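Okay, here's what each chain looks like letter by letter:
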Amino acid sequence: MPISLDDITITNFPKLFDQIIEDKQKVGLKPVQNNPPDLLERAKFYGTQFRNGSWNWASNIWNRSAAGSVVVEREEDMRVEHRMLMLRVLEHILDQPLIQADATLGQKGSKGEMKCRLYCDAQFPDVAYRWKAVNFPGDPDAQPDAQLFMIPHYLENPNVPGKNEMLKVIRFPFHNYTIVAASSYMGEAKKGFLSHWIYEIYKRGGTGEHASLKEFTIKRVDGTSKNIVMSVWGLTGSGKSTHGHYVYDEKIAQIYIDKFGINPLEFISNQLIRNDDVVAVFEDCVVSPERGCWTKTEDVDVTQHAIYNAGTSPNALHENTEWDEHGDVSFRGEILQYHGKLNQNARSIIFLEDTGYFDGNVDSSGPLNMAVFISPGYISDYAWVKLNDPAFAAKVLADGRTIGHPAQGREGVGGEKYESRYCLPFTMGVGNAAHIHRFYNFMKERAETDNPIESYLINTTGRVGARYVWVDTHLGDEPIWLAKTLFEEVDGKKKPVGGTGPTIEETQLFLIQATRGAVDYEPHPLWGDKMLVPARVEGLPQERLKELDPFTYRTAEEMEALLRQQIAQSKYYLKAQCARLNKRVLNAMDF
């Protein structure tokens, strides 16, 4: 009898899958190719090899399908559209062989070790190969902790229930599997497993975060040395990889000598890159799931030399990445286009050993002591501030305020948006508030120790003092006046009008000097001691620091109005994205 919609349940889908495999095997067919060793050789037939020997593949969709993704926790949450897509996936598997790829998230013996199994349509060996490559080796004979079924073909997908958006991804956190259909974007496989990993980390006592991880030793102004365990939070396209991978050598140090009269190598040593994308924060350490990075390489150049070195290595595995006039890999974004615009989401799997700053360990040597949140804005933000109150820092993380980027999806590019914890699409099993509360408790417990978690908010990809207009609109059913940034198109990219933004080097200078104790602060004019704003940054001219102060462009009354509408927006989105948030955290920004 054919499989019917009535047969489709969360618990029954894996059983039906197993039955299909068993039935095909009984008649001598090979429905599953178990970790075949020739995946790369197969993928080369439709890949592009650059002159340096590295390979590139094109995906049919060039960004995550967040709007087409759903989380289904229980049988009673199932809708007919979910069952329709699940049925079509099984029908396709009935007719099409699959690649089984096994890998492990988390290095052996770490708190983050989790066994994963990918079943991928056999017509897409590049996806299976690259997913295995970025993770640690797996055991094909072990029972997986999470599974993902990836069928990149269009299967006449239904829409997301109640929305005019094609359903592409269904995640089942309590049943440990995910289904992906219609997209060959490697990020769907990677983020699918990481979503399960984040939930598993919570169950193990940590909090899973969309953040990078690096370590270095800093010589402070008082002559002491301190080991910094630094994570940088941010949504795709905000600068997380840029600052998470940023390191200094003699050439980079010369830039700082020329611009600021500061040589970073006099203060910084033992630089180690450990992770780029998602980490688990525990009380005593930070652990990473992957042995490589799947990094956005838009505008990467030699000044970001760790990413550049690894990205131009013959070992790198590229997606939607272009070439230069010599046929070599290029990150300039001048050739490939997507929906009529130049591509802003070229991706590369890079290997940490190719950065030149990797010691073989993806986990930290100690507890987190520096948290950097990237919340780019255009209107009321400073370039950089120090968060001096754990509840305020937790509120910043809960908000996940950011700016839309093409890598996140085609809608809302350039506009302000809220993605709680910068991790909204990947959080499941427990709500965002559960992770926030745990991280808040970590910060509070460490606040009175000699190694607290120091928190910073940076605006590295935003602007200070951009032009805006007030718009009469609604948040839900409530009327409200909101400030909207004015934009113009420059070289095919949406850019805010007016204002100034901190350069990468200026932001890095602030972060260096902050860890050294070489920044003087003063209370925020409205938030007071909860947020400290830089009054002096060693090496940065005072006139430039003034340009990076929003009060240079706004009156106090104007800033008060702008911040009040920001707080109103944040609480509106938190109600949906971060339900049951601790009231002290929820109201930490009120004034």
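This report concerns the structure included in the present document. (Residues numbered from 1 in each chain as written. Predicted model: local features only at pLDDT ≥ 70, side-chain atom pairs only at ≥ 80, totals over all residues. Heavy atoms only, no water.)

A word on the sheet that holds strand β15 (residues 279–281). The strand order across the open sheet formed by 3 strands is β11-β15-β16, and the pairing between neighbours is antiparallel. Looking along the sheet, the strands with just one partner apiece sit at the ends: β11 (207–209) and β16 (286–287). Of the strand pairs in this sheet, β11 and β15 are connected by 3 bridges, and their pairing is antiparallel. Bridging across to β15, Glu-209 finds its partner in Val-279. Contacting β11 and β15, helix α10 (residues 432–447) crosses the sheet at an angle of about 100 degrees to β11. (Pairing = 2+ DSSP bridges. Helix = DSSP H or I, 4+ residues; strand = E, 2+ residues; numbered from the N terminus. Contact = heavy atoms within 4.5 Å. Axes fitted to C-alpha atoms, helices over the stretch in contact; angles between N-to-C directions.)

Most of strand β28 (residues 454–458) is tucked away, with 5 of its 5 residues classed as buried. Burial of β28 is two-sided: the residues Glu-454, Tyr-456 and Ile-458 facing one way and the residues Ser-455 and Leu-457 facing the other way are all buried. Bridge analysis of strand β24 (residues 370–374) against β28 gives 5 bridges, and the strand direction is parallel. Considered in β28, the bridge of Phe-373 is made with Leu-457. In the sheet, strand β25 (residues 384–387) pairs with β28 via 4 bridges, with the strands oriented antiparallel. Paired with Leu-387 across the bridge in β28 is Ser-455. (Buried < 20%, exposed > 50% of the residue type's maximum accessible area, 1.4 Å probe, protein only.)

The subject of this paragraph is the pattern of salt bridges. Scanning the entire structure with this criterion turns up 36 salt bridges. Between Lys-395 and Asp-399 there is a salt bridge, and its shortest N-O distance comes to 2.8 Å. With Lys-395 and Asp-399 both in helix α9 (residues 390–399), this residue pair falls 4 residues apart, about one helical turn. We note that Lys-395, like Asp-399, is buried. Counted as one network, the salt bridges with shared partners bring together Lys-190, Lys-191, Lys-240, Asp-277 and Glu-290. (Salt bridge = Lys/Arg side-chain N within 4 Å of Asp/Glu carboxyl O.)

This next bit is on helix α11 (residues 504–516). Look at α11: 18 Å from first C-alpha to last across 13 residues, which is about the 18 Å you get at 1.5 Å a residue. Of all 13 residues making up α11, 12 are buried, and the element is well covered by its neighbours. What α11 keeps buried is the set Glu-505, Glu-506, Thr-507, Gln-508, Leu-509, Phe-510, Leu-511, Ile-512, Gln-513, Ala-514, Thr-515 and Arg-516. (Expected span 1.5 Å × (residues − 1).)

In total, this model carries 27 aromatic pairs according to the counting rule given. Centre to centre, the rings of Tyr-246 and Tyr-248 are 5.2 Å apart; their planes meet at 65 degrees, and the pair counts as edge-to-face. Here the two residues Tyr-246 and Tyr-248 agree in accessibility, since each one is buried. Centre to centre, the rings of Trp-384 and Phe-510 are 5.2 Å apart; their planes meet at 10 degrees, and the pair counts as stacked. (Phe/Tyr/Trp six-rings, centres within 6.5 Å; stacked < 30°, edge-to-face > 60°.)

With that settled, consider the sheet that holds strand β13 (residues 225–233). Read across the open sheet, the 8 strands follow the order β14-β12-β13-β24-β28-β25-β34-β33; overall the sheet is mixed. Of all the strands in the sheet, the pair left with one neighbour each is β14 (268–275) and β33 (519–524). Strand-to-strand twist across the sheet, computed as the mean angle between neighbouring axes with direction ignored, equals 30 degrees. Bridge count between β25 and strand β34 (residues 528–537): 2 bridges; the pairing is antiparallel. Looking across to β34, one finds that Leu-387 is bridged to Met-531.

Attention now goes to the state of the cysteines. With the rule as written, the count across this model stands at 0 disulfides. This cysteine, Cys-293, is not joined by any disulfide, and Cys-423 carries the nearest cysteine sulfur, 17 Å off. Given the relative accessible area of 1%, Cys-293 is considered buried. With no disulfide partner, Cys-578 has as its closest neighbouring cysteine sulfur the one in Cys-423, 12 Å distant. By relative accessible area, which is 2% here, Cys-578 ends up buried. (Disulfide = S-S within 2.5 Å.)

If you trace the backbone, Glu-319 turns up in strand β18 (residues 317–319). Look at Glu-319 and you get buried, because its relative accessible area is 0%. Here the side chain of Glu-319 touches Met-186 through a polar contact of 3.4 Å, landing on its backbone nitrogen. If we ignore the near neighbours within four places in the chain, the residues touching Glu-319 are Asn-56, Trp-57, Ser-59, Arg-130, Ser-184, Tyr-185, Met-186, Trp-294, Ala-346 and Arg-347. (Polar contact = N/O pair within 3.5 Å; in protein donor to acceptor, adjacent residues only side chain to side chain.)

All right, on to the environment of Ser-65 then. Along the chain, Ser-65 turns up in the loop between β3 (55–57) and β4 (69–71). When the C-alpha positions of Ser-65 and Arg-42 are compared, they lie 27 Å apart, and in sequence the two are 23 residues distant. In contact with Ser-65, not counting residues within four places along its chain, are Lys-168 and Glu-188.

Looking now at unusual backbone geometry. Even without being a glycine, Glu-156 presents a positive backbone phi close to 55 degrees. Of note, Glu-156 is situated in the loop between β8 (146–151) and β9 (169–172). The phi torsion at Asp-299 lies on the positive side, around 65 degrees, for a residue other than glycine. Relative to the helices and strands, Asp-299 is located in the loop between β17 (292–296) and α8 (305–311). Given the relative accessible area of 42%, Asp-299 is considered partly exposed.

Looking now at the environment of Gly-539. Its location among the elements puts Gly-539 in the loop between β34 and α12 (542–547). Linking Gly-539 and Ile-3, residues 536 residues apart in sequence, is a C-alpha distance of 69 Å. Every residue in contact with Gly-539, bar those within four places of it in the chain, is listed here: Phe-260, Ile-262 and Leu-509.

The next subject is the nonpolar core. Grouped together as the largest cluster of nonpolar side chains are 43 residues, with contacts concentrated most on Leu-118, Trp-131, Phe-193 and Trp-197. Taken together, the elements giving at least two residues each to this core come down to α2 (39–43), β3, β5 (98–105), β6 (114–121), α4 (125–134), β8, α5 (186–203) and β23 (347–351). If you tally residues by element for this core, the top one is α5, at 7 residues. When neighbours within four sequence positions are excluded, Leu-118 is seen to be in contact with Ile-99, Gln-100, Ala-101, Ala-128, Trp-131, Leu-148, Met-150 and Phe-193. With 42 residues, the next largest nonpolar core counts Leu-213, Ile-436, Met-531 and Leu-574 among its residues. (Core = buried A, V, L, I, M, F, W, Y, C linked by side-chain atoms within 4.5 Å.)

Our focus in this paragraph is the packing of helix α7 (residues 250–260) against α11. It is the contact of α7 with α11, at a shortest axis distance of 11 Å, that shows an interaxial angle of 90 degrees. As far as their axial angle goes, α11 and α7 are roughly perpendicular. Contacts from Ile-255, Tyr-256, Lys-259 and Phe-260 of α7 reach α11 at Ile-504, Glu-505, Glu-506, Gln-508 and Leu-509. The residue makeup of the contact of α7 with α11, split by class, is 5 nonpolar, 1 polar and 3 charged. (Parallel < 35°, antiparallel > 145°, perpendicular 65-115°, else oblique. Nonpolar A, V, L, I, M, F, W, Y, C, P; charged D, E, K, R; others polar.)

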